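# Survey of secondary and tertiary structure
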Amino acid sequence: MNRKMLMNLAVSGFVLSVATGCSGMGAMADAPSRAAGKPAVAAKSADQARAALEAGKVSKAVGLAEAAVAGSPRDASYRALLGQAYLNDGRFASATSALTEAMELGATDSNTIIALTLAQIAQGKSAEAISLLQAHRDTVPASDIGLALALAGDSEGAIYVLTDAARAPDASARTRQNLALAFALSGRWAQAQILASQDLSPAKLEARMMEWSKLAETPNAQLRVASLIGTKAQQDAGMPVRLALSNYGETQMAAVDAPPVELASADPAPVAAYAPPPPVLADASSAIRSVELPMPERTADGVVPVTELPQPKAAGEIIMADAAPYRAAPRVASEGRIRPAQQQALELATVLIPKAMAFNAKKPTGWAVQLGAYDSLGIAKEKWGGLKKRSTMLANFPASSHAATVKGRTFYRLTVNGLATRADATSLCNELKAHGQACFIRAMGGNESIQWAAKANPMRLASR
């Protein structure tokens, strides 16, 4: 990784190391994949690409990494290296393609996942980036997950993850700085400055806050990621087609060493050597049989008498059907199938919300959906006001906040209350997650000291 990028990433504590070759991915390729192409040339090109990245020669590193992939197309480490080179060069679409293919080949280390997450965020694919982080939360360090969530726009989720990581006894300055940046990106500059000052001198703190201010004021996702890693976003048409993994399937690679197949001669047979047999004609005397019909008898005058046909019998009494008009049952206006979305809204309006409106703050029981945990009661109230404005569904539920002490520190939980069963809480939390809101469920034991509560807004149903 080039030194300029390391300096920029050190500002936030967000460090990637796959480009320096320290990810330990060199042994990922299997024997059949290395047997194809030119593995010796590929290994040499990969080493030179890593050296070029270390020296800050990104364009040269891209060419060398492409040569490594061309020499050993199914080597996961080479494709991950190529993705890192593209990312350093500001080619985010190409980086996404190369890193995705590297993961298909087995590269699931934290550096590859974080690099792919950055490339997706730069392309505006924040939902895919968050899903990727959630799927590999056991692999990627919490400090990196938190900052990546902040860059993807999930400020509350980032602060929650990083706050928990910063409270650990072995928390590093990197984790605290990532939390401070998450506060800054969410608009909480006072908290960001206080937290950042724990590891920085006053002079460095002022410079740090100015850099974060520029980063927060950048609305374009590409420019924001490019600024963070110290590069410039480029117009990118994508990775070269010749390097696509789909061109190097496993069956195609195995066919390289297959013995040649001997094909039959394509010369046609001589025409004179083949003569079709003559057609076999059927015997007309045996196939066709004549039938003689008797001639009709005539009278003395030579007239053929007309045969009288029997007259039909007279029809019996005809029974007529009832001529009374058929009256169909009246159509009920409400008859019909209810769509899934309507059914879910109906359950929410008729089951969950009425139960939630009956929440007793003095004796909190049942289940709750926790939306976050904050350092003060005022912040919890402020967050609830913002969440209600963004989600009309949340406004229909009561909310509360109570203090909890974890490892000697007090923070204030913000919860949506009044849910009777675990299934009700899970249903509401899933609905919130579908709209991008981080949450989880918890049981209220009845002994929580509610320090602040907000009533649910009166529910209004549209007229039919």
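Here is what the cut-offs are and how they apply
Residues numbered from 1 in each chain as written. Predicted model: local features only at pLDDT ≥ 70, side-chain atom pairs only at ≥ 80, totals over all residues. Heavy atoms only, no water. Helix = DSSP H or I, 4+ residues; strand = E, 2+ residues; numbered from the N terminus. Buried < 20%, exposed > 50% of the residue type's maximum accessible area, 1.4 Å probe, protein only. Areas by Shrake-Rupley, 256 points an atom, 1.4 Å probe, with all protein chains shown as cover. Pairing = 2+ DSSP bridges. Core = buried A, V, L, I, M, F, W, Y, C linked by side-chain atoms within 4.5 Å. Contact = heavy atoms within 4.5 Å. pLDDT = per-residue confidence, 0-100. Axes fitted to C-alpha atoms, helices over the stretch in contact; angles between N-to-C directions. Parallel < 35°, antiparallel > 145°, perpendicular 65-115°, else oblique. Left-handed = near helix turned anticlockwise from the far one by under 90°. Nonpolar A, V, L, I, M, F, W, Y, C, P; charged D, E, K, R; others polar. Phe/Tyr/Trp six-rings, centres within 6.5 Å; stacked < 30°, edge-to-face > 60°. Salt bridge = Lys/Arg side-chain N within 4 Å of Asp/Glu carboxyl O.

### A few points about the overall build of the protein chain
The number of helices and strands found in the protein chain is 19 helices and five strands. The burial tally for the protein chain puts 41% of its 464 residues in the buried class. Of the roughly 27700 Å² that the protein chain leaves accessible, carbon and sulfur atoms contribute 55%.

### Side note on the pairing of strand 1 (residues 367-374)
The element strand 1 is largely enclosed, with a buried count of seven among its eight residues. Pairing geometry for strand 1 and strand 4 (residues 440-443), over four bridges, is antiparallel. The residue of strand 4 that forms the bridge with Trp 367 is Ala 443.

### What about the nonpolar core?
The biggest cluster of nonpolar side chains holds 67 residues, and the ones touching the most others in it are Leu 82, Tyr 86, Leu 87, Phe 92, Leu 179 and Trp 212. Ranked by the residues each element gives to this core, the list is headed by helix 7 (residues 110-122), at eight residues. Non-local contacts of Leu 82, meaning those with residues more than four positions away in its chain, are made with Val 62, Ala 65, Glu 66, Val 69, Ala 98, Met 239 and Leu 243. The next biggest cluster of nonpolar side chains, apart from the first, holds 21 residues, and it includes Ala 380, Leu 387, Leu 428 and Trp 452.

### Considerations on the confidence of the model for the protein chain
Here the protein chain averages 74 in pLDDT, while 67% of its residues score no lower than 70. With pLDDT under 50 throughout, residues 1-36 is counted as low confidence; its partners more than four residues away or in other chains account for 96 contacts.

### Focus on the packing of helix 11 (residues 173-185) against helix 13 (residues 202-216)
Remark: helix 11 packs on helix 13, axes separated minimally by 10 Å, with the N-to-C direction vectors making an angle of 50°. Regarding the angle of helix 11 to helix 13, the classification is oblique. Note that helix 11 runs across helix 13; the crossing there is right-handed. Two secondary-structure elements touch here, helix 11 through Gln 177, Ala 180, Leu 181, Ala 184 and Leu 185 and helix 13 through Arg 208, Trp 212, Leu 215 and Ala 216. In the contact of helix 11 with helix 13, the residues fall into seven nonpolar, one polar and one charged.

### Side note on the packing of helix 7 against helix 9 (residues 142-151)
With their axes 10 Å apart at the nearest point, helix 7 and helix 9 run at an angle of 10° to one another. Viewed along their axes, helix 7 and helix 9 adopt a mutual orientation that is roughly parallel. Packed against helix 7, whose contacting residues are Ile 114, Thr 117, Leu 118 and Ile 121, the element helix 9 presents Asp 144, Ala 148 and Leu 151 at the interface. Tallied by class, the residues present in the contact of helix 7 with helix 9 amount to five nonpolar, one polar and one charged.

### Remarks on the packing of aromatic side chains
In this structure the tally under the stated criterion is one aromatic pair. Between Tyr 160 and Phe 440 the ring centres are 5.7 Å apart and the planes differ by 50°, which places this aromatic pair in the tilted class. Here the residue Tyr 160 occupies a position in helix 10 (residues 155-166), and Phe 440 occupies one in strand 4, the gap between them amounting to 280 residues. Residue Tyr 160 is classed as partly exposed on the basis of its relative accessible area of 38%.

### Here we look at the sheet that holds strand 3 (residues 409-419)
A sheet is described by the order of its strands in space; here five strands give the open sequence 4-1-3-2-5, paired in antiparallel fashion. The open sheet has two free edges, formed respectively by strand 4 and strand 5 (450-454), since each of these has just one partner strand. Sheet twist, expressed as the mean angle between neighbouring strand axes with direction ignored, is 40°. In this sheet, strand 3 lies alongside strand 2 (residues 399-406) in antiparallel orientation, the contact comprising eight bridges. Directly across from Ser 401, in strand 3, lies its bridge partner Leu 414.

### Description of the pattern of salt bridges
Inspection of every chain in the model, using the stated rule, returns eight salt bridges. Here Arg 79 and Glu 101 are joined by a salt bridge, their closest N and O atoms 2.7 Å apart. Note that Arg 79 is positioned in helix 5 (residues 76-88) and Glu 101 in helix 6 (residues 92-104), a separation of 22 residues in sequence. The residues Arg 79 and Glu 101 share a single accessibility class, namely buried. A salt bridge links Asp 375 to Arg 167; the nearest nitrogen and oxygen atoms lie 3.6 Å apart. Remark: Arg 167 occurs in the loop between helix 10 and helix 11 and Asp 375 occurs in the loop between strand 1 and helix 18 (377-390); sequence separation between them is 208 residues. It is possible to trace a salt-bridge network through shared partners that takes in Glu 156, Arg 188 and Lys 383.

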